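# Working through the structure, step by step
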Amino acid sequence: MVGGTKTPRERYREQVREEVKEKAWQQIAGSGASALSLNAIAKQMGMSGPALYRYFANRDELITELIRDAYRGLADAFIAAAAAATADSSSSGRADGDEAGAGGPDLAGLAHVLRRWALADPHRYFLIYGTPVPGYHAPPDITAIASELMSVLLGACSAAPAAGPHGFEDHLATHRAWADSHPDAPPAALRQALAFWSRLHGVLSLELAGHFTGMGLDPALFFQAEVDALTGGPTA
């Protein structure tokens, strides 16, 4: 291989792996991740089971690849939103004659990035935030990607106005290993990040599972109301 060019064999292998993942998503949409079967995928693709195992050694390897892709997609969306917000803030600061803006991602913006990503593919969302697949254990690199999401969120919370004190912050002051990407973030920011993550995922999970159907309410407005409650946004 010269200059990073992939060989025909490598390109073919990538194509087959992508097709396997596409078939896997179709299975997940129809029967759920726990029913994922490499043999069934092999049959759909006109391959033998042993032939498919040359591309994915077992079901867990395939699930890991799907989860990795899902987390990577959401993390990249968060990082891109943070970069865009920082660039806009810096540009505004220079235009006003101020020093370079000290902005970053805002919580409301990240909230809507999360919702758009979830609504675009509910099965992808539920694979990483829904019921765990029985017997599956994610490798450490998956946790590392998930930590990128929390790092962006902590950055936004650290820049946001602090909420009133709460007793839980005393606990967080000594239980913050999960927030080591922002060692200087105050406990109030950690509490806000946890509230953001748990409350908005709760609303999204209920919406995507259809639990608001028949209630006559607008899930988007409910989601926005929760975002406003978390960020001190509009109340009217």
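Everything here concerns the structure above.
Below is a summary of the structure that appears in this document. On a predicted model such as this, the values are computed, not experimentally measured, just so you know.

What follows deals with helix H6 (residues 122-129). Within the sequence span of H6, burial applies to Arg124, Tyr125, Leu127 and Ile128. Buried residues of H6, viewed axially, fall in a sector of 160°; they line one side.

Once that is clear, we can look at the nonpolar core. Ranked by size, the top nonpolar core spans 61 residues in total, and within it Leu62, Phe78, Leu153 and Phe196 carry the most contacts. Every element with two or more residues in this core is listed here: helix H1 (8-31), helix H2 (38-44), helix H4 (59-95), helix H5 (107-120), H6, helix H7 (140-159), helix H9 (187-208) and helix H10 (219-231). With 10 residues, H4 is the largest single contributor of residues to this core. When residues no more than four places from it in sequence are discounted, the contact partners of Leu62 are Val20, Lys21, Ala24, Leu36, Leu38, Ile41 and Phe56.

Here the focus is the pattern of salt bridges. Scanning all chains against the criterion turns up 14 salt bridges. Where Glu18 meets Lys21, a salt bridge forms, and the shortest distance between an N and an O atom there is 3.0 Å. Remark: Lys21 and Glu18 occur in helix H1; sequence separation between them is three residues, near one turn of the helix. Owing to a relative accessible area of 6%, Lys21 belongs among the buried residues under this scheme. Glu148 serves as the salt-bridge partner of Arg72, at 2.6 Å between the closest nitrogen and oxygen. Here Glu148 lies in helix H7 and Arg72 lies in helix H4, a separation of 76 residues in the sequence. Judged by its relative accessible area of 27%, Arg72 is partly exposed. Each member of the salt-bridge network shares a partner with another, and the members are Arg17, Glu18, Lys21, Glu61, Glu65, Arg68, Asp69 and Asp141.

Conventions we followed
Residues numbered from 1 in each chain as written. Predicted model: local features only at pLDDT ≥ 70, side-chain atom pairs only at ≥ 80, totals over all residues. Heavy atoms only, no water. Buried < 20%, exposed > 50% of the residue type's maximum accessible area, 1.4 Å probe, protein only. Helix = DSSP H or I, 4+ residues; strand = E, 2+ residues; numbered from the N terminus. Arc of directions from axis to C-beta. Core = buried A, V, L, I, M, F, W, Y, C linked by side-chain atoms within 4.5 Å. Contact = heavy atoms within 4.5 Å. Salt bridge = Lys/Arg side-chain N within 4 Å of Asp/Glu carboxyl O.

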